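Listed below are the residues making up each chain.
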Amino acid sequence: MEKDPAQFVEEIRANVAFEHLVAAIVSGAALAGSIFFVLDLTGLFFAGALSAPNLLALILRSLTLCIMVFLIGFLAGALIVTSLFKALEKVKRRSVWPYLAASIGVIAISLITLFSLPNAGAPEMALIIAVIAAGLFIAIDFGRRMTPLWRAVERAEEQTVGNLRRLH
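Residues numbered from 1 in each chain as written. Predicted model: local features only at pLDDT ≥ 70, side-chain atom pairs only at ≥ 80, totals over all residues. Heavy atoms only, no water.

K.L.:
Describe helix H2 (residues 52-90), with residues and values.
P.N.:
When the terminal C-alpha atoms of H2 are compared, their 54 Å separation across 39 residues agrees well with the 57 Å that a helix rising 1.5 Å per residue should span. Remark: the principal bend of H2, roughly 45 degrees, maps to glycine 77. Restricting attention to buried positions, one finds in H2 the residues Leu58, Ser62, Leu65, Val69, Gly73, Ala76, Gly77, Val81, Phe85, Leu88 and Glu89. (Helix = DSSP H or I, 4+ residues; strand = E, 2+ residues; numbered from the N terminus. Expected span 1.5 Å × (residues − 1). Bend = angle between axes of the 7 residues up to and from the residue. Buried < 20%, exposed > 50% of the residue type's maximum accessible area, 1.4 Å probe, protein only.)

And the structure:
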């Protein structure tokens, strides 16, 4: 049994969107690690605690944050964003705002989970800033990467249908 050509095209679009999302997640994870590193390095410098062991510990914590942001983003992308993309494509809603709202939700859930971990202590301000910045950057970067594709799809639909009036 073969798939309907429309379903086949829908799956291809979803796969392309997921690839762009993963690229945005990698960039956002690197941004989170960088922000955390710079803020904590500045804190160590001004506290007079800049030493080789502290610097090594900071590098490892920054890499751990980078990996965690990637894993959380990838999981959220696989579970939330892919189904959100498919639903929004069906109603032809192509903008970054729904993805930004989903990203804010994932950020909130991540931070709430982080605050509720037993024996973890209160997260540092640098960590909170890095997670928020990374989440917002991922959504905006995903929208930036998808905009040319969304416009190309809209042009193709206009050529197929004729005069298409956008309601949103």
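K.L.:
Give a detailed account of the nonpolar core, specifying residues and quantitative values.
P.N.:
Formed by 28 residues in total, the largest nonpolar core has its most connected members in Phe36, Leu65, Val69, Phe85, Tyr99 and Phe142. Elements supplying a minimum of two residues to this core: helix H1 (5-47), H2, helix H3 (97-116) and helix H4 (125-161). Here this core gets 10 residues from one element, more than from any other, and that element is H4. (Core = buried A, V, L, I, M, F, W, Y, C linked by side-chain atoms within 4.5 Å.)

K.L.:
Summarise a nonpolar patch on the surface; cite the residues concerned and give the values.
P.N.:
A cluster of nonpolar side chains, namely Phe45, Phe46, Leu50, Leu55, Leu56, Ile59, Leu60 and Leu63, defines an oily patch on the protein surface of about 810 Å² accessible area. Tallying contributions element by element places H2 first for the nonpolar patch, with 5 residues. Assessed through its relative accessible area of 54%, phenylalanine 45 is described here as exposed. (Patch = residues over 30% accessible without salt bridge, like charges linked within 9 Å, V, L, I, M, F, W, Y side chains within 5 Å. Areas by Shrake-Rupley, 256 points an atom, 1.4 Å probe, with all protein chains shown as cover. Salt bridge = Lys/Arg side-chain N within 4 Å of Asp/Glu carboxyl O.)

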